[in-house]
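For reference, the chains in residue letters:
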Amino acid sequence: MSNKTVVLGVTGSIAAYKAVDVASQLTQRGINVEVILTEAATHFVTPLTFRSITARPVITDMFRLASVFSVEHVALAEAADLIVIAPATANIIAKLAGGIADDSLTCTVLATAAPIVIAPAMHTGMYENSVTQRNLAELRRRDFTIIGPIHGRLASGGIGLGRFAPPSEIVTTICHLLSRRKDLIGKQILITAAGTHEAIDPVRYIGNRSSGKMGYALAAAARDRGAHVQLISAPTSLPKPLGVEVIDVQTAAEMSSAVSEKISRADILIMAAAVADYCPVKIRKRKVKKADQRWDLTLKRTPDILAETAGCSPRPLRIGFAAETENLLRNAEAKLNQKDLDLIIANDITIPGSGFGADKNQVAIIDRSGDIEELPLLDKTEVAQRVLDRAVKLLAE
Ligand code: CTP
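Note that the structure is a prediction, hence the values are computed from the model and not measured.

How each quantity is defined
- Residues numbered from 1 in each chain as written.
- Predicted model: local features only at pLDDT ≥ 70, side-chain atom pairs only at ≥ 80, totals over all residues.
- Heavy atoms only, no water.
- Patch = residues over 30% accessible without salt bridge, like charges linked within 9 Å, V, L, I, M, F, W, Y side chains within 5 Å.
- Areas by Shrake-Rupley, 256 points an atom, 1.4 Å probe, with all protein chains shown as cover.
- Salt bridge = Lys/Arg side-chain N within 4 Å of Asp/Glu carboxyl O.
- Helix = DSSP H or I, 4+ residues; strand = E, 2+ residues; numbered from the N terminus.
- Buried < 20%, exposed > 50% of the residue type's maximum accessible area, 1.4 Å probe, protein only.
- Near = heavy atom within 4 Å.
- Polar contact = N/O pair within 3.5 Å; in protein donor to acceptor, adjacent residues only side chain to side chain.
- 1 Å grid on protein atoms, 1.4 Å probe; cavity = no way out; pocket = protein on both sides within 12 Å on 5 of 7 lines; lining within 4 Å.
- Sits in = over half its atoms within 2 Å of the grid points.
- Points joined across faces, edges and corners; volume = space filled by probe spheres on them.
- Nonpolar A, V, L, I, M, F, W, Y, C, P; charged D, E, K, R; others polar.
- Axes fitted to C-alpha atoms, helices over the stretch in contact; angles between N-to-C directions.
- Parallel < 35°, antiparallel > 145°, perpendicular 65-115°, else oblique.
- Left-handed = near helix turned anticlockwise from the far one by under 90°.
- Contact = heavy atoms within 4.5 Å.
- Pairing = 2+ DSSP bridges.

Draft legend 1. Spatial organisation of a nonpolar patch on the surface. A surface patch of nonpolar side chains, about 380 Å² in accessible area, is lined by Tyr 278, Trp 295, Leu 297 and Leu 299. Position of Trp 295 relative to the elements: it lies in the loop between β14 (278-280) and β15 (299-301). Owing to a relative accessible area of 41%, Trp 295 belongs among the partly exposed residues under this scheme.

What follows is the structure in structure tokens.
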């Protein structure tokens, strides 16, 4: 880590004192830490504290003349291997979501191409407010990694969601992000995402609750790690990730043809899509008008896309997902064996705040030997990184 530079932005929250620990742990790992304090943060912690720990000048004022950097926000934005804002208040989250640049920290963030991590800390009401949630969703959409907040005792004395994540967890995530970049250069990755739509008539379809967020997070993460990514996407409202080749499909049959067409060049196939298992036998050309009290639809099986790729040659690394509501690990392991997979990501879709439609996911990764890695509830962007970590390891073997 000794050649890495992390810009640590500290904003005005009572948790600002914990940022001292973050700075200290990063410095101890040999990382060059450049600290920017917002004006509000200086009321909670002093620049001298950070200067003493990092042995670097601390930036508090955009218009200060005696500076080591010519134009600080540009120089730091370019020098940063990663920017972390910890703690991040509702105010800085709103500013970043809106593209506001009115101090050193916001200017640096706006000018950088480095990955950005934020660790929110605030009162539960502020965190749960729909405006804050909308702003966080916007930052996630722009590939920010968000750590926490966690549930626990708050400055107000109450207990709730809004507490700053443990500094050690923030430092571990930063080190993960710094160390695993660009390990997929030269690799072709084929990813499927979202839930297929099986037409009944020109108006109606059979679908499922998949949002596509997990598959899209995998595509963005693989792209960031240097892979050439092809994303076969069923319908979703998510924006197309930049730098990823997206192939739009509607049905399981279309997804199956797209996978067969692309798979021969893939090093890794990840089937994150929720593929409909059945589709109507007959698609009506005209809208079916309501008439009888009952309408029985006859359905037929769709191709099992993942199972069908078992025999393909050359054979890529094949990773599937198992969406389960019961007997999670047993069912997932059975699917791994039936579809002859290298890894399966077991997904209990009954956990609140996890799985279909959510921004987070709690999964277990199972390999061919039956080894089970159970992960905590994490942002889907982080789950994507953990899945790719395992894929990179398997490719190396
Ligand atoms: N899958 C697929 N083609 C299908 C159905 C599923 O390729 N027709 C893939 C999914 O993308 C996922 C894995 O197979 O990676 C497991 O999907 P899941 O829906 O959990 O299980 P199914 O095999 O469909 O079995 P069941 O619905 O009975 O649980």
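What follows picks up the thread again.
Draft legend 2. Structural detail: the site of the ligand. Every one of the 16 residues lining the ligand counts as a neighbour, but Met 271, Ala 273, Leu 306, Lys 335 and Lys 339 are closest to it. In this structure, Met 271 approaches the ligand through a main-chain N or O atom, which is 2.8 Å from an oxygen atom. Residue Ala 273 places a main-chain N or O atom 2.8 Å away from an oxygen atom belonging to the ligand. In the complex, the protein chains occlude 77% of the 560 Å² of accessible area that the ligand would expose alone. When atoms are counted within 2 Å of each cavity's grid points, the one that captures over half of the ligand is the largest pocket. Of all the elements in the fold, those that place two or more residues in the shell around the ligand are α11 (305-308) and β16 (317-324).

Draft legend 3. How the structure looks around the layout of surface pockets. For the largest pocket, the calculated volume is near 900 Å³. Taken together, 41 residues make up the lining of the largest pocket; nearest its centre are Ala 273, Ala 274, Val 275, Asp 277 and Ala 323. Elements supplying a minimum of two residues to the lining of the largest pocket: α9 (213-224), α11, β16, α12 (328-338) and β17 (343-348). Tallied by class, the residues present in the lining of the largest pocket amount to 20 nonpolar, 13 polar and 8 charged. Considered as a void within the structure, the second largest pocket measures approximately 560 Å³ in volume. Lining the second largest pocket we find 21 residues, and of these Arg 140, Arg 141, Arg 142, Asp 143 and Leu 238 sit closest to its centre.

Draft legend 4. Fine view of the packing of α9 against helix α13 (residues 380-396). Axis separation between α9 and α13 bottoms out at 8 Å; the angle between their running directions is 60°. In this view, α9 runs oblique relative to α13, as classed from their interaxial angle. The chirality of how α9 crosses α13 is right-handed. Contacts from Lys 213, Met 214, Ala 217, Leu 218, Ala 221 and Ala 222 in α9 reach Lys 380, Thr 381, Val 383, Ala 384, Gln 385, Val 387 and Leu 388 in α13. Residues of the contact of α9 with α13, tallied by class, amount to 9 nonpolar, 2 polar and 2 charged.

Draft legend 5. The arrangement of the sheet that holds strand β1 (residues 5-10) in detail. The strand order β2-β1-β3-β4-β5 describes an open sheet built from 5 strands, whose pairing is parallel. Every other strand in the sheet has two partners, leaving β2 (32-37) and β5 (145-146) as the edge strands with one partner each. In this sheet, β5 lies alongside strand β4 (residues 116-120) in parallel orientation, the contact comprising 2 bridges. Looking at β5, one finds that Ile 118 is bridged to Ile 146. Packing of helix α4 (residues 90-98) onto the sheet brings it into contact with β3 (82-88) and β4, and relative to β3 it is tilted by some 140°.

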